[in-house]
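Here is how the chains run, residue by residue.
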Amino acid sequence: MTSAPASPLTMLVPDFPFSYDSWLTHPAGLGAVPSERHGTEVAVIGGGMSGMTAAYELLRLGLRPVVYEAEQLGGRMRSTPFPGNPEYVAEMGAMRFPVSATALFHYIGTLGLATRPFPNPLAPSTPSTLIDLNGGRRQARTPDELPTVYQEVADAWEKALQERAELSTVRDAIQRRDTATLKAVWDRLVREFDDQSFYGFLATSPTFQSFRHREIFGQVGFGTGGWDTDFPNSVLEILRVVVTDADDHQVGIVGGSQQLPRGLWEHPPAAPPHWPEGTSLASLHGGRPRPAVTRLRRAGDGIRVRDESGEEREFPAVVFSPHVWTLLNRIDCDPELLPTPLWTAVERTHYMGASKLFVLVDRPFWRDPDPATGRDVMSMTLTDRMPRGVYLFDDGPDRRGVMCLSYTWNDDSLKVATLTPEDRLERLLSQLGAIYPDVDIRSHIVAGPLTVTWETEPRFMGAFKSNLPGHYRYQRRLFTQFMQDDMPAEQRGFFLCGDDVSWTAGFAEGAVTTALNAVWGVLNHLGGATHPDNPGPGDRFHDFAPVELPYD
């Protein structure tokens, strides 16, 4: 194919490099269903970003989404207001979004939400970063201010990516949307690295032969910070993040990320077929979604859904967006809901844990100058102690500030999982007191602590999926499930979506793009079609299909 001119780097995921952003913005729209299908009810289970994207686009097609939500709209886009101070929120789940996530930003733009740079370590907008490792501390504003060994680690990572993962070639292909080159290189990398862990990739790279370098990299990492909690996971998971620039150039949503899924619930799309002008998902539901789903059964050509109220309804199609583990233990599921290989993939899905703790403070005191150094008395902090990551948010010196005193993953998350919020706060203040002995954080706290541990949240059981080595085949089954023409008729009409079905779990872009796959699946299932000038992901599937690895 002819290469397009270079464009900004986007999350054009190399496993399936379909341009969802172009499909979304094309004037022909996503497609059309036959007029006799207008108003057809389609169940959408889950009101997170994926469910809301699917429901919003199904409404735009003239269908009637029926949304079921067990808790609150937003899913892991959970912006929790501080009691007595609702204008300040704690971002319990998604809080930073790469600008390369162009499908996600389509909806941010649709709702007119404001964004601002996220204070990641050593980011240009971050006033300062402190690295506390092995008892030594170093404060810096830019990477150039760090000791030489940190630059050695950065160079080792860059060299490993260039020599072993063809980083420049892959990124150039993504920028040019040269899918032929992208697929050729990436499919080879999948075959080579499917059984390789992140740590194994580092340890077998000539540039990372020093354990000290690997340890520093695990603490400081790249983009959003240390990645040692990801070391057991498949290196393919990490490479997808790197090549799409997903871990850098990130922004937060002013006022909280939960505004995005809630905004899609309230926002009336322009001129939808069948529905009167001004119709929104909220108006079709009387302002509230249906309650949690408790049972799913095949029923002839349809699917019967029972919710916590005891009501049962039958639908010709169902879009399912929660974590797939909920099909195993939160919902009474018909075994015929999915083919056996899909159930195996659901069982093998691996989730990362994560915990956060937030407090509200009287003012952004961390900007006070240290009398001895003239620098800020406290910084965005990366540490190998219990807090791991400390993030600081402020809207100016005359307003209150929000502190994320700890953001942890996996084993570090489990260290606090059994503690009460108050006990967590005490332990964290003690640890931070050792890093900042002259800073009295406690005296500034006016509200909180607000906490979450995602692996103990019964509707989630983890923060996000992250494949282990050898899990590529299972991920492929989950992602490609929206392609159902070759399935028996009695197994069609149930569509999985969500970031754990995507190739980039933990990123809202994956939630959006798999929702769009499900929308195409429903469109196709109900006899509709895309416009010839704007083919959808299913129409281009065989051009871009993820590589199949041998099973025997």
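Scroll up a little and you will see the structure.
Residues numbered from 1 in each chain as written. Predicted model: local features only at pLDDT ≥ 70, side-chain atom pairs only at ≥ 80, totals over all residues. Heavy atoms only, no water.

The step from Gly448 to Pro449 runs through a cis peptide bond, and the omega angle for that step is 10°. One can find Pro449 in strand S20 (residues 445-453). A positive phi angle, near 55°, is found at Arg177, a position not held by glycine. Structurally, Arg177 is set in the loop between helix H5 (167-176) and helix H6 (179-193). (Helix = DSSP H or I, 4+ residues; strand = E, 2+ residues; numbered from the N terminus.)

This paragraph deals with the sheet that holds strand S6 (residues 115-117). Reading across from one edge, S5-S9-S6 is the order of the three strands in this open sheet, with antiparallel pairing throughout. Either end of the sheet is taken by a strand with one partner, and the two such strands are strand S5 (97-98) and S6. As paired elements, S5 and strand S9 (residues 250-253) share two bridges and run antiparallel to each other. From the neighbouring strand, Phe97 faces S9, where its bridge partner is Val251. (Pairing = 2+ DSSP bridges.)

Okay, the packing of aromatic side chains next. Tallied over the entire structure, the rule returns 31 aromatic pairs. Between the aromatic rings of Trp409 and Phe464, the centroid separation amounts to 5.3 Å while the plane-to-plane angle is 65°, which identifies the pairing as edge-to-face. With Trp409 in strand S19 (residues 401-409) and Phe464 in strand S21 (residues 464-465), this pair connects stretches of sequence that are 55 residues apart. Pair check on accessibility: Trp409 and Phe464 agree, each one buried. Ring centres of Phe479 and Phe482 lie 6.2 Å apart, and the angle between their planes is 85°; on these two criteria the pair is classed as edge-to-face. Here Phe479 matches Phe482 in class, with each residue buried. Through pairs of rings, three or more aromatic residues link up here, namely Phe16, Phe18, Tyr20, Trp23, Tyr472, Phe479, Phe482, Trp503, Trp520, Phe541 and Phe544. (Phe/Tyr/Trp six-rings, centres within 6.5 Å; stacked < 30°, edge-to-face > 60°. Buried < 20%, exposed > 50% of the residue type's maximum accessible area, 1.4 Å probe, protein only.)

Relative orientation of the contacting elements helix H3 (residues 102-111) and helix H10 (residues 259-266) amounts to 60°, with a least axis distance of 10 Å. In this view, H3 runs oblique relative to H10, as classed from their interaxial angle. When you trace H3 past H10, the crossing you get is left-handed. Here Leu104, Tyr107, Ile108 and Leu111 of H3 come into contact with H10, specifically with Gln259, Leu260, Gly263 and Leu264. Tallied by class, residues from the contact of H3 with H10 come to six nonpolar, two polar and no charged. (Axes fitted to C-alpha atoms, helices over the stretch in contact; angles between N-to-C directions. Parallel < 35°, antiparallel > 145°, perpendicular 65-115°, else oblique. Left-handed = near helix turned anticlockwise from the far one by under 90°. Contact = heavy atoms within 4.5 Å. Nonpolar A, V, L, I, M, F, W, Y, C, P; charged D, E, K, R; others polar.)

Next up on the list: the packing of helix H4 (residues 148-165) against helix H9 (residues 235-243). Between H4 and H9, whose axes approach to 13 Å, the crossing angle comes to 105°. Taken as axis vectors, H4 and H9 run roughly perpendicular relative to one another. Residues Trp157, Leu161 and Ala165 of H4 lie in contact with H9, whose contacting residues are Ile238, Leu239 and Val242.

The next point concerns the pairing of strand S11 (residues 302-307). Note: strand S10 (residues 293-299) against S11, six bridges, orientation antiparallel. Directly across from Ala299, in S11, lies its bridge partner Gly302. Between S10 and S11, which pair antiparallel in sequence order, lie two residues; one of them, Gly300, sits at a positive phi of approximately 65°. When S11 meets strand S12 (residues 312-315), the two strands line up antiparallel, connected through four bridges.

Attention now moves to the environment of Ala282. For Ala282, the position within the fold is in helix H11 (residues 281-284). Separated by 14 residues in the primary sequence, Ala282 and Pro268 have C-alpha atoms spaced 8.9 Å apart.

Counted by the stated rule, this structure contains 35 salt bridges. Arg375 is paired through a salt bridge with Glu145; the nearest N and O atoms lie 2.8 Å apart. In this pair, Arg375 is assigned in the loop between strand S16 (354-361) and strand S17 (380-383) and Glu145 in the loop between strand S8 (136-140) and H4, connecting sequence segments 230 residues apart. Using a relative accessible area of 23% as the deciding quantity, one classes Arg375 as partly exposed. Among the charged side chains, a salt-bridge network with shared partners connects Glu41, Arg290, Asp307, Glu311 and Arg313. (Salt bridge = Lys/Arg side-chain N within 4 Å of Asp/Glu carboxyl O.)

Moving on, we come to helix H8 (residues 211-220). Counting buried positions along H8 gives seven out of 10 residues, so the element sits mostly inside the fold. Regarding H8, the residues found buried are His213, Arg214, Ile216, Phe217, Gly218, Gln219 and Val220. Elements in contact with the buried residues of H8: strand S7 (129-133), H4, helix H7 (198-203) and S17. Its side-chain oxygen placed 3.2 Å from the backbone nitrogen of Arg212, Ser210 serves as the N-cap of H8. Positive backbone phi, at 60°, marks Gly221, one or two positions downstream of H8. (Polar contact = N/O pair within 3.5 Å; in protein donor to acceptor, adjacent residues only side chain to side chain.)

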